[in-house]
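Remarks on the overall topology
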Amino acid sequence: RHGAVKNEDTFKTSPFHFDLWFYFTLQNWVLDFGRPIAMIILPLEWFPLNKPSAGDYFHMAYNVITPFLLLKLIERSPKTLPRSMVYVSIITFVMGASIHLVGDSVNHRLIFSGYQHHLSVRENPIIKNLKPETLIDSFELLYYYDEYLGHSMWYIPFFLILFIYFTGCFTPVEEESRMPVAALLLMGPSSLYYWYLVTEGQIFILYIFTFFAMMALVMHQKRKGLVLDSNGLFLFYSFIITLILIAVWVVWLWNDKILRKKYPGVIYIPEPWAFYTLHMNNLHAAKE
């Protein structure tokens, strides 16, 4: 029965999914974080600016592998979870990640032409002098698809699926509420990736609401005598460490006037790639 929670599922426990969490961490670092790095370090002659870059092929692989891993994760839940919501979320995830693939591909290729991510579209030297000026509107539309629509359709279902899975990670057995050594080893790389995801994707509100929902669920289930199993602890602690990393990142760049201008408002969380084009590119230029 789809969408129903079976009574016999209630007290089932699940061992730590080392294989799935390891594959998640590996492909996240290689195919997502590694996308722009591969594009920059590989010779431009191999991937001309008018053709997909190496990072684009990484992104294509990510768009196929990640939904598969999310489905396998849901399948291993000790509870029967709402399948219809999961399927709709997966479909939306693929759509959003595909939209992002196109926008991100063009935006990152613009780096080779002098585009600076720490500046807005209209403030970029290579953009503001375009003629006719309506071309600037087209680049702003591209930026909207990349940074807003694509990110929303990508990350909202991603975090929703993680939360749906998290709801099934509770057990009445205290002995099951322990993490193996493998989980502890994966927690650092996993948390660091979530830091990158939240800061580069500018999705702190989505992340913090998901984290608060997790905390509320943990407290609610504790009143019933249920505790998190090893998979739930891994996910929950990873989110806690992510929050600490975000706080350190913000404090470190708190007085950066240029990034402050790029990210106005109450929530100030600079993107790592904006930091790179602002400070690291200048450092490389100085060395040259």
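Going by the structure above, here's the rest.
What you see is a predicted model; the values in this text were computed from it and never measured.

Structurally, Ser191 is set in helix H6 (residues 181–201). Apart from residues lying up to four places away in sequence, Ser191 is in contact with Tyr237, Ser238, Ile241, Thr242 and Leu245.

Turning to the nonpolar core, a few remarks are in order. Core analysis: the largest hydrophobic core is formed by 63 residues, its most contacted members being Trp21 and Phe239. Taken together, the elements giving at least two residues each to this core come down to helix H1 (18–41), helix H2 (54–75), helix H3 (83–109), helix H5 (134–166), H6, helix H7 (204–223), helix H8 (230–252) and helix H10 (272–287). Here Trp21 is in contact with Phe16, Leu73, Tyr165, Leu186, Asn231, Phe234 and Leu235, once residues within four sequence places are set aside. The next biggest cluster of nonpolar side chains, apart from the first, holds six residues, and it includes Leu110, Val121, Ile127 and Ile136.

Further remarks concern the pattern of salt bridges. For the coordinates displayed, the defined rule picks out seven salt bridges. Arg35 serves as the salt-bridge partner of Asp104, at 2.7 Å between the closest nitrogen and oxygen. Placement of the pair is Asp104 in helix H3 and Arg35 in helix H1, with a sequence separation of 69 residues. Neither residue differs from the other here; Asp104 and Arg35 are each classed as buried. A salt bridge links Lys261 to Glu123; the nearest nitrogen and oxygen atoms lie 3.8 Å apart.

It is worth spelling out H2 at this point. The end-to-end C-alpha distance of H2, which contains 22 residues, comes to 32 Å, matching closely the 32 Å that a straight helix rising 1.5 Å per residue would cover. Ala54, Gly55, Asp56, His59, Tyr62, Asn63, Thr66, Pro67, Leu69, Leu70, Leu73 and Ile74 are the residues of H2 that are buried. Lining the buried residues of H2 we find H1, H3, H5 and H6. The backbone nitrogen of Gly55 has a side-chain oxygen 3.3 Å away, supplied by the residue at the start of H2, namely Ser53.

Each value, and the rule that gives it
Residues numbered from 1 in each chain as written. Predicted model: local features only at pLDDT ≥ 70, side-chain atom pairs only at ≥ 80, totals over all residues. Heavy atoms only, no water. Helix = DSSP H or I, 4+ residues; strand = E, 2+ residues; numbered from the N terminus. Contact = heavy atoms within 4.5 Å. Core = buried A, V, L, I, M, F, W, Y, C linked by side-chain atoms within 4.5 Å. Buried < 20%, exposed > 50% of the residue type's maximum accessible area, 1.4 Å probe, protein only. Salt bridge = Lys/Arg side-chain N within 4 Å of Asp/Glu carboxyl O. Expected span 1.5 Å × (residues − 1). Polar contact = N/O pair within 3.5 Å; in protein donor to acceptor, adjacent residues only side chain to side chain.

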